[in-house]
Structures are given as structure tokens and as C-alpha cells.
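Residues per chain are reported as follows:
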Amino acid sequence: QKLQNALHSRSLRTDTVPWQIEVLSPTPAAFDDFADPSSAIENHGALATINSNYQHEQDQARRKQGWAHGLGPASGVSIFQANTLVLRLSYLHEPALPGLKALLRLLGRENGSYRQHALARGYLPLVREIALGMQSHPVNWPLQENGKIIRPQDLSYELPGCTGALCAGSAPENPTSSGGMTTPNPLAPAPDSGGAEPNPSMDQPTDGSTPPGTDPLAVVPDDPACGITLCCMPS
């Protein structure tokens, strides 16, 4: 009850929800590219569903259809990325230090984004992102209208590549900017390699390539996903 009272009080003071989750992946465009028509898979009816089975075979089939690197023409992502759930959580922290709220208000914008609005009300938005390989078929579920879970309008976010135990290769850390603060993103894809395939290990190995099963983990050992998904298992 104490928690509920605190959240309710925060909503009244900020005139918005006390926390918000953005569904960064799969995107609506990914459902346009990879929705499986035979996916009355789980009897979801008219809801678009992406098939999570045999992803390597799906990737190879689309390459043969002429999709460059297996990337969808609308979404620009692969079947592996379309089967990766990426969430960004923003939650509001009320500073206890006198004068800090006034400073935060100077950094915010009342009519800006959720995080900018929170700053304008004197709250510090804390941001956490997580990427998880889907364990079932992704479904384009309708979202509730309370504003707590949304699909962002601006999807300038760069989706992670294939980074699970079933994929060879790991990505270096890339900085990701969220709400004016920069945090390391251990799941960010490697920078453009000048036209090289995003995941060459899915085809034939190249000279000097690292044999599958010898790559380092794609995520840091203390990632919250460890212990519940395959992404933290050594190959």
C-alpha cells in the first residue's frame, strides 16, 4: 500500500505515469516483414505473429528470395532481431538533496518527451534497457491506453544483432544515449564493417574467423538477463 501511495503521489505531481516501458523491438515494420501467414500458430487470429522456429532456415530462405543479408525491406532487421524483445524502462526518481529539483527543472521541457517532461517537474528519469531472445512466437498484441507501455514514435534506436548462444560473434560496447544520459549498451551491434554481412558465421566461415563456440559472451556476466535466457550461456 505504501508503494501504491508513492506511485499515485508521483503521478499527481508529474501529471503523467510514474514509469513507462517502450517496446523497441519487434517493431510494427518487423511484423510487416516477418509475420507468418500460417501463424494461426497459437490461434491468435488476426494478430500478426512472427514464427520463432527454425530462424536460421528462415534467414537462408529470405536471402535466397533476394533480401540483402536477410534484412526485411520495411524494417531493415533480420529474423533474429525480429525475434528479440527489446524494452526500455524509464522510472522517476525524486531527489532528496535541496535545490536539485530546481536544477532539474531547468534541464527539462514541459511539452517534450516523457523524460523531458519528468525533468521539468523536478524528477530524474532513470533508464534501463534489456534485450531478450524470445522463447515463443512474438505476437503484435494491442497495448493498453494508460500510457505505461508504448511503442515509441521515433525508432532511431539501433536494434542489437544476433547475440545469443545460437549465434557466433559478440558485439563491442557502444554508448547508447537515453534521456540525456549516456550508458554503455553491451548488446549494441558492431559498427558498419563496410558492406560485410552482419553475421557472416551464419554462412561459410571466412579465413581467420573465430571458430564457433570460442567467442566471449555477448553480454556482461552481471546482466539481469543472465540465468533466465540463452544469451548468457557459453556456446
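Everything that follows concerns the structure shown earlier in this document.
Quick look at the structure, then. Computed from a prediction, not measured in an experiment: that's the story for all the values here.

## Some words on the overall build of the protein chain
Next up, step 1: Looking only at helices and strands, the protein chain features six helices and six strands.
Next up, step 2: Secondary structure elements of the protein chain, listed N to C terminal, follow the sequence α-β-α-α-α-β-α-α-β-β-β-β.
Next up, step 3: Restricting the contact set of the protein chain to residue pairs at least 6 apart, pairs at least 24 apart contribute 70%.
Next up, step 4: Only carbon and sulfur atoms are counted for the fraction: they give 56% of the accessible area of the protein chain, which is about 13,800 Å².

## Considerations on the pattern of salt bridges
Next up, step 1: Summed over all chains, the structure comprises eight salt bridges.
Next up, step 2: A salt bridge links Glu22 to Arg88; the nearest nitrogen and oxygen atoms lie 3.5 Å apart. Within this pair, whereas Glu22 is found in strand 1 (residues 19-25), its partner Arg88 is found in strand 2 (residues 84-93), the two being separated by 66 residues in sequence.
Next up, step 3: With a shortest N-O distance of 2.7 Å, Glu110 and Arg121 are connected by a salt bridge. Pair noted here: Glu110 is in the loop between helix 5 (100-107) and helix 6 (114-120) and Arg121 is in the loop between helix 6 and strand 3 (124-133), with a separation of 11 residues, a long-range link.
Next up, step 4: The exposure class assigned to Glu110 is partly exposed, which follows from its relative accessible area of 36%.
Next up, step 5: One network of salt bridges, in which partners are shared, links Arg10, Arg13, Glu94 and Lys101.

## A few points about helix 3 (residues 55-64)
Given 3.6 residues per turn, any residue in an α-helix points the same way as the ones three and four places further on.
Next up, step 1: Every buried residue of helix 3 is listed here: Gln55, Gln58, Asp59, Arg62 and Arg63. Looking straight down helix 3, one finds that the buried residues subtend no more than 135 degrees of arc, so they occupy a single side.
Next up, step 2: The elements touched by buried residues of helix 3 are helix 2 (28-34) and helix 4 (79-82).
Next up, step 3: Looking at the residues trailing helix 3, positive phi occurs at Gly66, about 105 degrees.

## Quick word on the environment of Phe80
Next up, step 1: Within the secondary structure, Phe80 sits in helix 4.
Next up, step 2: A C-alpha to C-alpha distance of 8.0 Å links Phe80 and Asp59, two positions 21 residues apart in sequence.

## Notes on the sheet that holds strand 1
Next up, step 1: As summarised here, the arrangement of the four strands in space is 3-2-1-4, forming an open sheet in which the pairing is mixed. Because the sheet does not close on itself, it has two edges, and the strands there are strand 3 and strand 4 (149-150).
Next up, step 2: Two strands pair when backbone bridges link them, and strand 2 and strand 3 are joined in this way by 10 bridges, in the antiparallel orientation. Residue Val86 lies in a different strand from strand 3, and its bridge partner there is Ala131.

## Section: the environment of Arg151
Next up, step 1: Counting through the fold element by element, Arg151 comes out in the loop between strand 4 and strand 5 (174-178).
Next up, step 2: C-alpha separation for the pair Arg151 and Thr27, spaced 124 residues apart in sequence, amounts to 7.9 Å.
Next up, step 3: Discounting residues that sit within four places of it in the chain, Arg151 has contacts with Val23, Pro28, Asn140, Trp141 and Leu143.
Next up, step 4: In this structure the side chain of Arg151 is engaged in a polar contact, spanning 2.9 Å, whose partner is the side chain of Asn140.

## So, the packing of aromatic side chains
Next up, step 1: Taken as a whole and assessed by the stated rule, the structure comprises one aromatic pair.
Next up, step 2: Measuring from ring centre to ring centre gives 5.6 Å for Phe34 and Trp67, while their planes differ by 70 degrees; the resulting arrangement is edge-to-face. Here the residue Phe34 occupies a position in helix 2, and Trp67 occupies one in the loop between helix 3 and helix 4, the gap between them amounting to 33 residues. Each member of the pair, Phe34 as well as Trp67, is classed as buried.
Next up, step 3: The ring of Tyr123 carries Lys101 above its face, with NZ or CZ at 4.7 Å from the centroid.

## Quick look at the nonpolar core
Next up, step 1: Ala30, Phe31, Phe34, Ile50, Trp67, Val77, Ile79, Phe80 and Ala82 form the largest nonpolar core, which has nine residues in total.
Next up, step 2: Breaking this core down by element, the ones donating at least two residues are helix 2 and helix 4.
Next up, step 3: Once residues lying within four places of it in the same chain are set aside, the contact partners of Ile50 are Pro26, Ala30, Phe31, Phe34, Ala35, Ile79, Ala82, Asn83, His137 and Pro138.
Next up, step 4: One finds Leu92, Tyr114, Ala118 and Tyr123 within the second-largest nonpolar core, a separate group that totals five residues.

## Some details on a nonpolar patch on the surface
Next up, step 1: Judged by side-chain polarity, Leu103, Leu106 and Leu107 come together as a nonpolar surface patch covering roughly 340 Å² of accessible area.
Next up, step 2: Note that Leu107 resides in helix 5.
Next up, step 3: On the accessibility criterion, Leu107 (59% relative accessible area) is exposed.

Reading guide: rules and limits
Counting starts from 1 at the beginning of each chain's written sequence and moves along it residue by residue. A pLDDT threshold of at least 70 governs which residues receive local features in this predicted model, and a stricter bar of 80 or more applies before side-chain atom pairs are shown or counted, although totals over entire chains, interfaces and linings include all residues. With hydrogens and water excluded, all non-hydrogen atoms of the structure serve as input to the side-chain values. Here a strand is any run of E in DSSP of at least two residues, a helix any run of H or I of at least four, and the numbering for each starts at the N terminus. In what follows, residue pairs with any heavy atoms lying within 4.5 Å of each other are defined as contacts. Reported accessibility uses the Shrake-Rupley method at a 1.4 Å probe radius. Residues are deemed covered only where the shown protein chains occlude them. The term salt bridge refers to a side-chain nitrogen of Lys or Arg lying within 4 Å of a carboxyl oxygen of Asp or Glu. Throughout, exposure labels follow a simple rule: accessible area from a 1.4 Å probe, protein chains only, divided by the maximum for the residue type, with under 20% read as buried, over 50% as exposed, and the rest as partly exposed. This arc is built from the directions going out from the helix axis to the C-beta atoms. The pairing criterion for strands is at least two bridges between them, as found by DSSP. Counted as a polar contact is a pair of N or O atoms within 3.5 Å, where, for protein atoms, one must be capable of donating a hydrogen and the other of accepting one, and residues adjacent in sequence contribute only when both atoms are in side chains. We call Phe, Tyr and Trp rings a pair once their centres come within 6.5 Å, taking the six-membered ring for Trp, and we label the pair stacked below 30 degrees between planes, edge-to-face above 60, and tilted otherwise. Either the NZ atom of lysine or the CZ atom of arginine qualifies as a charge over a ring when it sits within 6 Å of the ring centre and within 35 degrees of the ring normal. Here, the term nonpolar core denotes a set of buried Ala, Val, Leu, Ile, Met, Phe, Trp, Tyr and Cys residues that are joined through side-chain atoms within 4.5 Å. A patch consists of residues whose relative accessible area exceeds 30% and which take part in no salt bridge; residues with like charges are grouped when within 9 Å of each other, and nonpolar side chains (Val, Leu, Ile, Met, Phe, Trp, Tyr) when within 5 Å.

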